[in-house]
Protein chains: 2
Amino acid sequence: MSATTPSSQSPVDVLVVGGGLIGLVTAWRAARAGLSVTVVAERLGGPSASTVAAGMLTPATEASFGEEELMRLCVRSRDRFPGFVAELEQDSGASAGYRAEGTLQVAFDADDMARLGHLGDLRESLGLATQRLTGRECRRLEPMLAPSVRGGYLADGDHSVDPRALLQALRAAAERRGTVGVRDRVHRLVVEDGRARGVVLDSGGEITAGQVVLAAGVDTPSIAGIPEGVVPPLRPVKGQLLRLRTPEGEPPLVTRTVRGLVKGSPVYLVPRDSGEIVLGATQEEQGFDTRLTAGGLWEVLRDAHALVPGVSELEVAETCVGLRPGSPDNEPLLGPTAVPGLHLAAGHFRHGVLLTPVTGDAMARALTTGALPDYARRFAATRVTGGRAAVADGGPIEGGDQWT
Amino acid sequence: MSATTPSSQSPVDVLVVGGGLIGLVTAWRAARAGLSVTVVAERLGGPSASTVAAGMLTPATEASFGEEELMRLCVRSRDRFPGFVAELEQDSGASAGYRAEGTLQVAFDADDMARLGHLGDLRESLGLATQRLTGRECRRLEPMLAPSVRGGYLADGDHSVDPRALLQALRAAAERRGTVGVRDRVHRLVVEDGRARGVVLDSGGEITAGQVVLAAGVDTPSIAGIPEGVVPPLRPVKGQLLRLRTPEGEPPLVTRTVRGLVKGSPVYLVPRDSGEIVLGATQEEQGFDTRLTAGGLWEVLRDAHALVPGVSELEVAETCVGLRPGSPDNEPLLGPTAVPGLHLAAGHFRHGVLLTPVTGDAMARALTTGALPDYARRFAATRVTGGRAAVADGGPIEGGDQWT
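Predicted model only: the values in this text are computed from it and were never measured.

A tally of helices and strands in chain A yields 10 helices and 19 strands. On C-alpha atoms alone, chain A measures out to a radius of gyration of 21 Å, which is about the 22 Å that the 2.2 N^0.38 rule sets for 404 residues. Projected onto the principal axes, the alpha-carbon positions of chain A cover approximately 70 × 40 × 40 Å. For chain A, the residues scored as buried account for 61% of the 404 residues in total. For chain A, the proportion of contacts with a sequence separation of at least 24, taken over those separated by at least 6, is 73%.

And the structure:
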């Protein structure tokens, strides 16, 4: 099952660089597929875009024009979630914080309602049926909505997960499946004879592997040693969020994910079983800027307050800033690159949590067979980083020559 | 000079309970007056209302109807500030963060301008001349003001201080003048034969003193052992603030304190030499609630953004919640109580920083002579806690009988 690496002494089959959701799901699924796996990350399961994310699994209410193919992948991943979570909870013994209450998307004013209406047509074309509701019907579902809310759409199939719980469950599951975690920084990728062989660590150690997966989010491009032309062109897209706390014993402010448009500005409230409500999020093209700003907080609070005024009463438990990894076409970069033995699993932009299950599945397939499954082929890393994409579903990698 | 306390072995002249601005200024001024002083506080110079406060010294732009007498005390304290700071910086060797740029008070809309106009008449009657400015004149002084700002008033004599720097300077000055600091909680006040004798500490130790000053802000009423009827009826008035950071090398967003009304809601921006800008503040009657709330942040950010939109770009360095100690008439409680040897210096509400110099002067006078100076007599603690106020300015305390 494992790719061969003639040069190293006791190599692992797969080395994953990155300790967020994408890195850990790749590790876990590869380990489940029978590969020996090591994960390297400075913060294994620690702070990252994964721990900042709200965890909406909402392709129906996320759909926007020009992203139809990506949305199909998102729908596949959303539909995979219940089975994925069942497997994960069995392997990890931990809850992934999955909630299946559906999502209510609401409009603040008539213009916002018109915008949501246009997207409703798109959703139908994608097979994502949603139910149009009047303002009164919205308030019947979520009584804390502002009286001014004009109407909305109910998406029964759009759910949520707690990314922090998901991350810890993935880490536990990967460990129980024999994955080795190494807390360290990658000093550089080792490429010999045109093939990825492993990494040298900051501590001086070296890990040799048959295949290497780079899954370090926005930090992926800065890993030293990636051959020119294969460095994934990812940009950070800043998001600022708040986490609010419901007072002990009080009912939750909203019972399902409530998202909406407020004069064209998107905002969401995602409730957790713990009473936490995540408010988000800004979307800012600012480079590697992780400053919490007055304007970011203000924008999120303003819009959340417009939809659900009661947020004002809640305690701010946490403010968060994360950097989403955006690729040139805002779609993920998956699977083999032009460098034999080197894979990417990065560039998930705003959809990293939602795409966790299909990414795990697709990467395990690529690592065991050498090629991405059909449904993921559009998202092959090679479309951006160059080189030939795998053409057959299921053909094993026998060496580097196939990709050079 | 010191009051006599027959029962204890090596008593100090004055024991101050409280490590905020009011406690430390009382200690320092008493020590300067030749008394031996000990200060007890859980957090000596640590987090308190003093470290949350923005530090506006702005009676002219603070003046409101019904508070004329308090405003006169505030003006006296403001005018005392330069000399006070000079003495403090000499005694402490540290900067108190005093800035004398004046304050610009602006109106967001015509209604706000009308409200400021009424207060302008009041200011004139208090001798607090301010200069009325058009919107354009305001923007000439502070170019980052929103184009919509309607006009305002310039108060050249309203300055600012950095309360955190002031607090550390007071602590250093008190220490250099021989004051002993004890980091502990007061278990209870000791009253024997109707006279305050000192305190028992949580650690079990005991401090005996000729006179005891309770200056623990909102915590003052909960000190055990205060005789019934003398417990000061203070309530906490919650304030939420933000501290923003100016990027290195960039000019400050405002060059002087800018405060204003936005649709009737007051807000201020206080700049520091470090580039920090303090935004504040809510005023909430919520009991002992120190939760940072979404609504509190939103209100301050909304109003600050309306006056100076550029705040949005700045990093949020800190969010703060403090509890102002409010007395029944919102005026401070100073000097001797009905219990011989027991003084109060509390209830400074929104004016603790501004009133620091006169409080220090007045308390030192009360501790050395037994009576408050004329200008502070209106604020005698006895007006609220009962008992006879000192009638003569300068008569020394010879025993408890005078107050029983």
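A word on the packing of helix H4 (residues 68–92) of chain B against helix H9 (residues 356–369) of chain B. All names here are of chain B. Remark: H4 packs on H9, axes separated minimally by 7 Å, with the N-to-C direction vectors making an angle of 90°. Put simply, H4 runs roughly perpendicular to H9. For the pair H4 and H9, contact is made by Leu73, Arg76, Ser77, Arg80, Phe81 and Phe84 and by Thr356, Pro357, Val358 and Asp361, respectively. Here the residues of the contact of H4 with H9 are counted per class, giving five nonpolar, two polar and three charged.

Let's shift gears to the nonpolar core. If you look at soluble globular proteins, the nonpolar side chains tend to sit buried side by side. Among the nonpolar cores identified, the biggest contains 64 residues, and Leu242 and Leu279 of chain A together with Leu242 and Leu279 of chain B are the most heavily contacted of them. Residues within four places of Leu279 of chain A in sequence aside, it is in contact with Leu241, Leu242, Leu244, Tyr268, Leu269, Val300, Leu301, Ala304 and Val311 of chain A. If you look at the next biggest cluster of nonpolar residues, it comprises 57 residues, including Leu73, Val85, Ala96 and Val358 of chain A.

This part covers the interface of chain A and chain B. Listed per partner, the contact involves 19 residues of chain A and 19 residues of chain B. For chain A, the biggest contributors to the area lost against chain B are Arg291, Ala294 and Trp298 of chain A; these three give 35% of the whole. The tally of links between chain A and chain B comes to zero salt bridges. Where the side of chain A that touches chain B is concerned, the elements lending two or more residues are strand S13 (235–245), helix H8 (294–307) and strand S17 (315–326) of chain A. No other element matches the seven residues that H8 of chain A contributes to the side of chain A that touches chain B. When the residues that make up the side of chain A that touches chain B are grouped by side-chain class, the tally is 11 nonpolar, four polar and four charged.

Before going further, it helps to examine the environment of Glu175 of chain A. All names here are of chain A. Among the structural elements, Glu175 can be located in helix H7 (residues 163–176). Given the relative accessible area of 45%, Glu175 is considered partly exposed. Expressed as a C-alpha distance, the spacing of Glu175 and Ala27, which sit 148 residues apart in the sequence, is 9.2 Å.

With that settled, consider the sheet that holds strand S8 (residues 159–161) of chain A. All names here are of chain A. Pairing is antiparallel across the open sheet formed by three strands, whose spatial order is S3-S8-S4. Of all the strands in the sheet, just strand S3 (56–57) and strand S4 (98–99) have a single pairing partner and so form its edges. By the bridge criterion, two bridges tie S4 to S8 in an arrangement that is antiparallel. By the bridge assignment, Tyr98 is partnered in S8 with Val161.

Further remarks concern the side chain of Ser50 of chain B. All names here are of chain B. Mapped onto the elements of the fold, Ser50 is located in helix H2 (residues 49–52). A relative accessible area of 11% means that Ser50 is categorised as buried. At 3.0 Å, the side chain of Ser50 and the backbone nitrogen of Leu21 are in polar contact. Beyond its immediate chain neighbours, meaning those up to four positions away, Ser50 contacts Gly20, Leu21, Pro163 and Leu167.

Moving on, we come to the sheet that holds strand S3 (residues 56–57) of chain B. Residue and element names in this part refer to chain B. Spatially, S3-S8-S4 is the arrangement adopted by the three strands of the open sheet, whose pairing is antiparallel. Two strands close off the open sheet at either side, each with one partner strand: S3 and strand S4 (98–99). Two strands pair when backbone bridges link them, and S3 and strand S8 (residues 159–161) are joined in this way by two bridges, in the antiparallel orientation. Along S8, the bridge assignment pairs Leu57 with His159.

Turning to the domain arrangement of chain A, a few remarks are in order. Many structure descriptions define interface size as the accessible area lost when the parts assemble. Residues and elements named next belong to chain A. Domain boundaries in chain A define domain 1 (6–50 + 165–234 + 328–397) and domain 2 (103–156 + 236–324). Of note, the centres of domain 1 and domain 2, computed from C-alpha atoms alone, are 33 Å apart. Each partner contributes to the interface: domain 1 provides six residues, whereas domain 2 provides six residues. Where domain 1 abuts domain 2, roughly 630 Å² becomes buried across the two surfaces, and 66% of that area is made up of carbon and sulfur atoms.

After a rotation of 180° and a shift along the axis of 0.0 Å, chain A superposes on chain B with an RMSD of 0.0 Å. On the angle and the small slide along the axis, the relation comes out as a two-fold axis. Considering only C-alpha atoms, the part of chain A nearest the rotation axis is Trp298 of chain A, at 3.0 Å. Here 100% of the interface residues in chain A have copies in chain B that are interface residues too; the copies meet face to matching face.

This paragraph deals with unusual backbone geometry. Of note, the bond from Gly280 of chain A into Ala281 of chain A is cis; its omega dihedral lies within 30 degrees of zero at -15°. Tracing the backbone through its elements, the reader meets Ala281 of chain A in the loop between strand S16 (277–280) and H8. A positive phi angle is found at Asp193 of chain B, which is not glycine, with a value near 55°. Relative to the assigned elements, Asp193 of chain B resides in the loop between strand S10 (186–192) and strand S11 (195–201). Taking the relative accessible area as the measure of exposure, Asp193 of chain B reaches 76% and is therefore exposed.

Conventions we followed
- Residues numbered from 1 in each chain as written.
- Chains lettered and ligands numbered in written order.
- Predicted model: local features only at pLDDT ≥ 70, side-chain atom pairs only at ≥ 80, totals over all residues.
- Heavy atoms only, no water.
- Helix = DSSP H or I, 4+ residues; strand = E, 2+ residues; numbered from the N terminus.
- Rg over C-alpha atoms; globule rule 2.2 N^0.38 Å.
- Buried < 20%, exposed > 50% of the residue type's maximum accessible area, 1.4 Å probe, protein only.
- Contact = heavy atoms within 4.5 Å.
- Axes fitted to C-alpha atoms, helices over the stretch in contact; angles between N-to-C directions.
- Parallel < 35°, antiparallel > 145°, perpendicular 65-115°, else oblique.
- Nonpolar A, V, L, I, M, F, W, Y, C, P; charged D, E, K, R; others polar.
- Core = buried A, V, L, I, M, F, W, Y, C linked by side-chain atoms within 4.5 Å.
- Buried area = accessible area lost by both parts, 1.4 Å probe.
- Salt bridge = Lys/Arg side-chain N within 4 Å of Asp/Glu carboxyl O.
- Pairing = 2+ DSSP bridges.
- Polar contact = N/O pair within 3.5 Å; in protein donor to acceptor, adjacent residues only side chain to side chain.
- Domains from an automatic or database assignment.
- Least-squares fit on C-alpha atoms with pLDDT ≥ 70 in both.

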